[in-house]
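In case you want the letters, here they are:
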Amino acid sequence: MVRLVRGVVLSVVLSLILSGCMSGEERRAAMRRNEAAAAQVQAELARRPDVVRAEVDYSNYITAPGAASANIAVKPGRDFEPVIDAAVRLFWQSRISPLKSIRIGIVDAADKHRGEIRYFDPFKEDRAALEAKYGPRPVPEEEWIQR
């Protein structure tokens, strides 16, 4: 009897969990949309006159949920701040969803010892500042926060 009750409880819990998940095709479509949005962010960063190279990545896995990152090399001696600001703005204004963390790594192309990494938490701590600076996210809140 105890096994039967455990089995029923487990079945109910699993069905509740799975009912809230996307289907395989929905997950693949979301992945394609996010990959396209990340590629657009990368292309826009690469077009900047102060950028030598830009690599953008997005992952949405258990170990890195809604994680956007950019690795950027700038021309020798250039100021990092405008490039970091542009990268954060591009991620924030993108259709990437969910967006729970942003990591920007930036380095001087001629001096690999001159660089820095910045982290932003658009999900919690930095949300109000990002909204004030760049406006609201272009996707509904339930899409970029609740997953």
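Presented here is an overview of the structure given in this document. It should be emphasised that the depicted structure is a prediction, and the values quoted were computed from it without experimental measurement.

## Some thoughts on the overall build of the protein
- On a plain count of helices and strands, the protein comes out with 5 helices and 4 strands.
- Going from the N terminus to the C terminus, the protein shows its helices and strands as α-α-β-β-α-β-β-α-α.
- Counting across all 147 residues of the protein, residues that qualify as buried make up 36%.
- Long-range contacts, defined here as pairs at least 24 residues apart, represent 56% of the contacts in the protein between residues at least 6 apart.
- For the protein, the exposed surface amounts to about 9100 Å²; the carbon and sulfur share of it is 57%.

## Brief notes about the pattern of salt bridges
- Applying the stated criterion across every chain yields a total of 9 salt bridges.
- Between Arg28 and Glu25 there is a salt bridge, and its shortest N-O distance comes to 3.4 Å. Note that Arg28 and Glu25 are positioned in helix H2 (residues 24-46) at a spacing of 3 residues, about one turn of the helix.
- One salt bridge connects Asp85 with Lys133, and the closest N-O pair in it is separated by 2.8 Å. One end of the pair, Asp85, is in helix H3 (residues 81-93); the other, Lys133, is in helix H4 (residues 127-134), and 48 residues separate them in sequence.
- Within this structure, Glu25, Arg28 and Arg32 form a network of salt bridges that share partners.

Thresholds, definitions, all that
- Residues numbered from 1 in each chain as written.
- Predicted model: local features only at pLDDT ≥ 70, side-chain atom pairs only at ≥ 80, totals over all residues.
- Heavy atoms only, no water.
- Helix = DSSP H or I, 4+ residues; strand = E, 2+ residues; numbered from the N terminus.
- Buried < 20%, exposed > 50% of the residue type's maximum accessible area, 1.4 Å probe, protein only.
- Contact = heavy atoms within 4.5 Å.
- Areas by Shrake-Rupley, 256 points an atom, 1.4 Å probe, with all protein chains shown as cover.
- Salt bridge = Lys/Arg side-chain N within 4 Å of Asp/Glu carboxyl O.

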